[in-house]
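Overview (structure and organization)
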Amino acid sequence: MSARRLGLHASVATLAALAGVGVHAAPNVALENILVSKRNGLTNIQIWPACRMRYMEHTPGKAGLELRIRVLADGECAELLEQVSAEVYLPSGRRLGSVADVRFEDSGGGESYITLRFDAPQQFSVRQHAVGWIEIYVDTTVDSATLPAAVPPPIEVAPPSSAPVPAAPPAIAPARETPARPSQRQVVSEDGEYVVQLGVFADVSRAAAALTRVGGDLHAYTTEFELNGKTWHGLQVGFFASEQDAETSLGTLRATFPDSWVRLVSADEARDARSSSALAARDARSLEAVRIVEGSTADSAELSAWMRSARTALIERRYADAIDSYTLVLQRPAHEHRATARENLGVALERSGQTQRAIAEYEAYLVDPPTDADARRVRERLDTLRTASIVPPAAPARAAAASSGGWQIYGGVSQYYWRNEQELVHDGNRLLASSGVLALADVTAARSGERFDVLARLNGAYQLNLVDFDDRGDIFWMSDAYLDVADKELGLEARAGRQTRRSDGVLGRFDGVGLRYRWRPDITLSVSGGLPVDAPRFRPEPERYFYAASAQIEDLWERVSINAYTQHQIADGIDDRRAVGGEVRYRDGGVSVIGLVDYDMTYAELNTALLNGVWVTDNDWRFSGSVRFGMLPFLTTRNALAGQTVSTVDELLDTYSEGQIRTLARHRTAQASSLSAGIRLPLSERYDLSFDVTTRQADATTASAGVASIPDTGTQVFYSASLIGSSVLRDGDLGVLTLRHDTTRTRDASTLLLDLRLPLSEGLRVSPRLALTSRQDNVNGTDQLIAAPSVRVIYRWRALMVELEGGGRWSSRDLPPTELDPFTPDGTEELLGGYINVGYRLEF
Amino acid sequence: MKLPKLSLCVAAVVVSGCAWLPGMSNEPAAVAATPRAAIESGMSATSSAGPIWLAAQRPGLSVIGKDFLFAGPVVINRDGAQRRYLWFSVATTVDRRITGAAEAEIESVVLLVDDTPMTFDLVPWGGDAEPYELPFAAQRSYSARVTQSQIRQIASAASLDAFVTDAEGRSPTYTLVQGDPADWLGRPAG
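About the thresholds
- Residues numbered from 1 in each chain as written.
- Chains lettered and ligands numbered in written order.
- Predicted model: local features only at pLDDT ≥ 70, side-chain atom pairs only at ≥ 80, totals over all residues.
- Heavy atoms only, no water.
- Helix = DSSP H or I, 4+ residues; strand = E, 2+ residues; numbered from the N terminus.
- Contact = heavy atoms within 4.5 Å.
- Salt bridge = Lys/Arg side-chain N within 4 Å of Asp/Glu carboxyl O.
- Axes fitted to C-alpha atoms, helices over the stretch in contact; angles between N-to-C directions.
- Parallel < 35°, antiparallel > 145°, perpendicular 65-115°, else oblique.
- Left-handed = near helix turned anticlockwise from the far one by under 90°.
- Pairing = 2+ DSSP bridges.
- Buried < 20%, exposed > 50% of the residue type's maximum accessible area, 1.4 Å probe, protein only.
- Arc of directions from axis to C-beta.
- Expected span 1.5 Å × (residues − 1).
- Phe/Tyr/Trp six-rings, centres within 6.5 Å; stacked < 30°, edge-to-face > 60°.
- Lys NZ or Arg CZ within 6 Å of the ring centre and 35° of its normal.
- Nonpolar A, V, L, I, M, F, W, Y, C, P; charged D, E, K, R; others polar.
- Core = buried A, V, L, I, M, F, W, Y, C linked by side-chain atoms within 4.5 Å.
- Patch = residues over 30% accessible without salt bridge, like charges linked within 9 Å, V, L, I, M, F, W, Y side chains within 5 Å.
- Areas by Shrake-Rupley, 256 points an atom, 1.4 Å probe, with all protein chains shown as cover.
- Lys, Arg positive; Asp, Glu negative; His and termini not counted.
- Charge placed at Lys NZ, Arg CZ, Asp CG, Glu CD.
- pLDDT = per-residue confidence, 0-100.

Looking only at helices and strands, chain A features 16 helices and 34 strands. Within chain A, contacts between residues at least 6 apart in sequence are counted, and of these 57% link residues at least 24 apart.

Right, let's get into the pattern of salt bridges. Residue and element names in this part refer to chain A. The full count for this structure, using the stated rule, is 34 salt bridges over all chains. Across the pair R103 and E803 runs a salt bridge, and its minimum N-O distance is 3.8 Å. Within this pair, whereas R103 is found in strand 6 (residues 99-108), its partner E803 is found in strand 33 (residues 800-814), the two being separated by 700 residues in sequence. Between E361 and R342 there is a salt bridge, with its nearest N and O atoms 2.9 Å apart. Here E361 is found in helix 12 (residues 355-367), whereas its partner R342 is found in helix 11 (residues 338-351), with 19 residues between them in sequence.

Our next topic: the packing of helix 10 (residues 319-330) of chain A against helix 11 of chain A. All names here are of chain A. For the pair helix 10 and helix 11, the least separation of the axes is 9 Å and the interaxial angle reads 150 degrees. Considered as vectors, helix 10 and helix 11 are oriented roughly antiparallel to each other. The interaxial crossing formed by helix 10 with helix 11 has left-handed handedness. Mapping the contact onto sequence places Y319, A322, I323, Y326, T327, V329 and L330 in helix 10 and R338, A341, R342, N344, L345, A348, L349 and R351 in helix 11.

This part covers the pairing of strand 16 (residues 475-487) of chain A. All names here are of chain A. Here strand 15 (residues 452-465) runs beside strand 16; their pairing, made up of 12 bridges, is antiparallel. Across the sheet, R457 pairs through a bridge with Y482, a residue of strand 16. As paired elements, strand 16 and strand 17 (residues 492-501) share 7 bridges and run antiparallel to each other. From the neighbouring strand, Y482 faces strand 17, where its bridge partner is G497.

All right, on to the sheet that holds strand 12 (residues 261-265) of chain A then. All names here are of chain A. Spatially, 10-11-9-12 is the arrangement adopted by the 4 strands of the open sheet, whose pairing is antiparallel. Because the sheet does not close on itself, it has two edges, and the strands there are strand 10 (219-227) and strand 12. Put simply, the sheet's adjacent strands are angled 40 degrees from each other on average, direction ignored. Of the pairings in the sheet, the one linking strand 9 (residues 193-201) to strand 11 (residues 230-240) comprises 7 bridges and is antiparallel in character. By the bridge assignment for strand 11, V195 is matched with G238. Packed on one face of the sheet, helix 5 (residues 243-253) meets strand 9, strand 11 and strand 12 and runs near 35 degrees to strand 9.

Let us look at helix 16 (residues 658-667) of chain A. In an α-helix there are 3.6 residues to a turn, and that puts residues three or four apart on one side. Residue and element names in this part refer to chain A. The complete set of buried residues in helix 16 reads I661, R662, L664 and A665. What you see down the axis of helix 16 is that its buried residues fit within an arc of 160 degrees, all on one side. Those residues of helix 16 hidden inside the fold are in contact with strand 22 (574-588) and helix 15 (649-652).

So, about helix 10 of chain A. Taking 1.5 Å per residue as the helical rise, helix 10 of chain A with its 12 residues ought to reach 16 Å, and the 16 Å between its terminal C-alpha atoms agrees with that figure. Burial in helix 10 of chain A covers these residues: Y319, A322, I323, S325, Y326, V329 and L330 of chain A.

Before going further, it helps to spend a moment on the packing of aromatic side chains. Following the criterion strictly, the structure yields 9 aromatic pairs over all chains and no others. Here the aromatic rings of W53 of chain B and F68 of chain B are separated by 6.1 Å at their centres, their planes lie at 85 degrees, and the arrangement is edge-to-face. Linking W53 of chain B in strand 3 (residues 52-57) with F68 of chain B in strand 4 (residues 66-78), this pair joins segments that are 15 residues apart in sequence. When sorted by exposure, W53 of chain B lands in the same class as F68 of chain B, which is buried. One residue, R68 of chain A, lies across the ring of Y113 of chain A, its end atom 3.9 Å from the ring centre. A cation over an aromatic ring shows up here: R662 of chain A above the ring of Y603 of chain A, its NZ or CZ 5.4 Å from the ring centre.

The next subject is the packing of helix 5 of chain A against helix 3 (residues 148-155) of chain B. The geometry of helix 5 of chain A relative to helix 3 of chain B is characterised by a closest axis approach of 10 Å and an angle of 50 degrees between their N-to-C directions. By the angle class used here, helix 5 of chain A and helix 3 of chain B are oblique. Along the contact surface, helix 5 of chain A presents E243, E247 and L250 of chain A, while helix 3 of chain B presents Q148, S149 and R152 of chain B. For the contact of helix 5 of chain A with helix 3 of chain B, the residue count by class is 1 nonpolar, 2 polar and 3 charged.

For the rest of this paragraph, the subject is the nonpolar core. Most often, soluble globular proteins keep nonpolar side chains buried together rather than apart. One finds L69, L86, F88, L111, F120 and I154 of chain B to be the most contacted residues of the largest nonpolar core, which totals 34 residues. Per element, the largest residue contribution to this core is 6 residues, and it comes from strand 6 (residues 106-113) of chain B. The contacts of L86 of chain B, once residues within four sequence positions are left out, are G72, P73, L111, F120, Y142, S143, A144, V146, I151, I154 and W184 of chain B. Of all hydrophobic cores here, the second largest spans 30 residues; its members include V36, C51, L116 and I134 of chain A.

The next thing to look at is a negative patch on the surface. Taken together, the side chains of E543, D650, E651 and D654 of chain A define an acidic patch exposed on the protein surface. Summarising the element assignment, D650 of chain A is placed in helix 15.

With that settled, the discussion passes to the environment of F510 of chain A. Residue and element names in this part refer to chain A. Here F510 shows up in strand 18 (residues 508-520). Classification of F510 as buried rests on a relative accessible area of 0%. Excluding anything up to four places from it in sequence, F510 contacts G497, R498, Q499, R501, S528, G529, G530, L531, P532, V533 and F546.

Moving on to the environment of M56 of chain A. Residues and elements named next belong to chain A. Assignment of secondary structure puts M56 in strand 3 (residues 53-59). Given the relative accessible area of 3%, M56 is considered buried. Considered as a pair, M56 and R127 are 71 residues apart in the sequence and their alpha carbons are 9.6 Å apart. Excluding anything up to four places from it in sequence, M56 contacts R70, V71, L72, R622, S624, S676, D692 and T694.

Residues and elements named next belong to chain A. Among the surface-exposed residues, L683, Y687, L723, V728, L729, L737, L739, L752, L754, L770 and L772 lie close enough to one another that they form a single nonpolar patch of about 900 Å² accessible area. Residue assignment for the nonpolar patch shows that the elements contributing at least two residues are strand 29 (734-743), strand 30 (747-761) and strand 31 (764-777). Of note, L739 is situated in strand 29.

All names here are of chain A. Mean pLDDT for chain A: 76, with 77% of residues reaching 70 or above. Scored below 50 in pLDDT, residues 1-27 shows 106 contacts in the model against residues more than four places distant or in partner chains. In the predicted structure, residues 150-190 sits below a pLDDT of 50 and forms 87 contacts with residues beyond four places in sequence or in another chain.

Residues and elements named next belong to chain B. The share of residues in chain B with pLDDT of 70 or more is 57%, and the mean pLDDT across the chain is 67. Under a pLDDT of 50 for its full length, residues 1-42 has, in the predicted model, 103 contacts with residues more than four places off or in other chains. Scoring of the predicted complex yields 0.50 for pTM and 0.73 for ipTM.

Structure follows, in structure tokens:
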């Protein structure tokens with residue numbers, strides 16, 4: 001009985017992934033790369049699938065403790081994923097987005113789930129770039145305490161015993177939770193700074209008079225705002241680290257200012273109050289001083305002159321002069337030049353090397369940017385400055401090192417053991433399918449300087465095989481090994497070494513150099529070149545290289561971004577791929593559309609044309625659709641090697657001419673198309689329902705050069721319906737019930753899948769799962785039943801995560817007459833299998 | 001984006017009576033807003049009395065329709081940390097489809113507490129669930145950090161109005177029509 005006939009898949013990839021390396025690509029892993037970066041409070045997580053997967057939907061829609069993304073694999077990718085049951089990734093830098101881990105789970109039939117678990121509820125958005133990666137934005141500026149938790153936080157706080165419990169339900173609607181009363185609660189953790197608002201005055205002279213009554217060493221300052229055309233003047237004193245401290249002062253100040261109260265102020269207001277114009281108010285307790293602060297009579301002609309002067313100085317790189325002029329402008333409040341002055345002051349400070357001050361100005365600008373486009377532009381600049389300021393919150397020493405210009409070093413190590421066995425029930429013939437130990441390590445070293453940011457990254461693994469039949473033996477692979485240097489003054493970034501890139505039409509991992517230059521805030525130019533690496537365990541072939549270039553324009557009309565690229569790849573002296581292409585993204589409110597085209601000029605063929613659209617209504621209904629045409633696989637000259645006994649184009653040239661090789665490449669490549677549509681609707685606060693249908697089709701390939709034709713697939717149709725519930729059995733759990741039906745030329749299959757995630761205590765989570773499948777083989781007319789239960793237990797304690805997973809698989813299949821043998825006398829093949837994975841990951 | 005408007009209209013029809021239906025009042029006083037039970041684990045509303053309602057007449061758009069502003073305090077307890085928020089939600093019984101007028105985004109809310117403006121830095125309410133149940137669908141919800149003394153100041157006010165400034169710079173006056181902020185402190189109204 002061969003392993004192939006047993007048909008149960010070894011879980012090498014499962015364990016490789018369970019090892020949880022930050023960014024890794026093992027043989028047959030589903031997610032090749034996970035990149036995390038942060039820009040001005042917005043964490044960007046790029047998930048790069050190892051093969052072509054299409055984003056379908058995600059739940060919950062906007063916020064929660066867990067984000068579940070449903071993806072659908074195309075063609076070959078679906079076959080690849082059949083060898084992958086589950087993976088867990090712990091990408092480095094994930095703490096930037098409060099990500100606990102990233103999981104991949106294959107549900108069969110090409111449908112899979114990518115799940116991000118957060119340490120605390122997060123607000124997020126999800127989209128997929130047409131070039132392949134799935135992008136998640138986590139808005140860490142939103143107070144997680146205000147967000148719903150699809151899964152509860154690990155620490156549950158019991159209500160204080162002093163909280164009153166109503167003896168009888170309220171007359172209108174009873175509240176399940178006892179109302180908390182402010183006077184009975186102790187504020188444990190408030191952030192920000194507090195001031196005592198002494199008063200708000202319509203008449204500036206009253207504000208000035210009030211200012212003279214402020215005594216002591218308190219920092220007094222004024223603010224102003226307009227309401228229905230009328231200017232109001234606020235007078236406040238501060239600053240207090242806690243609300244309690246402010247309340248104490250309030251008790252004293254109320255004797256003079258009976259209508260005063262405590263309020264929390266923004267960091268921007270506190271900073272502005274402590275500097276520049278506010279200082280005048282603090283030191284000069286007079287009416288005149290207040291009038292200077294208010295500055296309402298600033299001469300617009302004078303301001304314009306200062307702006308012109310500052311602009312000229314900035315262009316001529318006289319940054320000190322520019323800083324002085326813009327600072328002068330900003331000391332006059334409430335005029336039309338404030339936003340421009342604030343931004344350009346940041347630019348002048350940045351270019352003169354005053355990074356922290358520049359960051360402060362950009363942050364102040366983003367408090368109230370004139371338009372979204374302005375905000376995006378300034379966020380980009382802020383991001384450049386903050387690149388090396390990205391520090392996991394759990395690493396204060398690292399933060400201190402970063403802020404002092406030192407090196408940050410972080411990463412993790414992990415080890416996993418796995419074993420996978422199957423047996424034929426009726427004869428007890430047992431087979432060890434796979435077993436091994438996987439050790440992974442990833443380390444990142446980063447340093448931020450005033451002008452240069454440096455980052456080095458190594459990410460590799462070693463797999464020890466414990467079975468004899470795996471002739472690959474032990475495997476070592478290196479996913480990333482690069483050095484990245486960014487010149488913040490020039491806006492130039494260079495990365496050298498083993499890396500992954502797709503923005504220039506590059507097809508993935510390579511050994512080489514990539515350069516990015518931010519020419520203007522909304523225009524980025526990029527070039528790259530090197531040796532393609534098909535898999536991280538392979539060494540590149542010097543005879544195969546590429547070079548590529550691209551340009552990206554962002555925020556056209558505030559809704560559109562465009563990327564155009566050209567790429568030329570040579571294999572053994574002849575064109576492997578010469579492509580031009582581009583991507584257009586449109587986003588407006590709940591509507592998102594992505595279009596992608598990749599055209600090969602050598603073959604005059606459209607490699608890919610894809611259009612993907614999503615519409616999310618205000619009441620969270622989600623409609624999605626996608627259509628794709630193109631080549632399967634991507635058309636390159638190396639496709640001609642498929643089915644041949646040689647492994648390089650150079651060897652093929654000994655037998656065939658270049659033209660013949662190109663013809664063979666065409667013959668090995670099929671035209672394929674897919675079409676999908678989906679809808680998700682929220683049934684209630686706890687339940688969502690989704691329906692999807694997808695069709696796929698690939699033409700037959702042409703037989704030639706001793707390689708047989710692959711027949712066309714016919715029209716394959718996949719239906720799926722899911723009911724997703726949260727907090728069903730207990731607070732914070734998540735349950736998914738999925739019914740799926742696949743119809744292809746070779747088989748019809750129906751699957752019922754129940755997937756639960758139960759948080760049992762702080763740090764301990766149990767995830768039982770059951771899949772029942774009924775499959776009909778349309779070729780030989782046989783039926784098969786499959787049941788696959790499994791359970792995963794995860795325990796997390798500080799920097800250590802321990803994971804144990806076990807599962808079984810029972811199947812019963814009617815054998816066709818051609819497969820009957822003496823060992824299956826009743827004509828039914830019954831298989832039983834099981835696997836166990838156990839391991840840990842330790843972070844530093 | 002027809003669905004949200006449709007659902008808003010349906011909710012308005014079902015619960016409060018659509019403004020354009022003759023002979024029907026759109027006054028929402030008959031249906032009281034109540035705090036929602038257990039918004040999420042660790043999140044609870046501070047008052048059993050419900051939010052206050054403020055309303056602005058829209059004579060140019062509707063004879064009897066109003067724009068509503070709901071406000072209520074919320075204490076959120078998560079991971080042992082408590083934060084106080086003032087939750088705001090805007091809703092309307094004005095059928096703007098008939099007039100063609102657009103519903104403008106809210107830029108800011110200023111409470112006029114005994115004729116003294118109290119400003120709030122609004123951020124969109126992060127949760128999918130509102131902290132209080134409302135008699136008809138809210139258009140948008142926001143929250144702002146608030147202190148105990150601000151709650152006390154509002155709760156003890158003899159008069160309370162609000163300015164809701166929209167993206168077009170309009171700031172109509174909203175007046176208190178239902179609820180008493182004094183209940184926010186757990187005291188009997190009045």
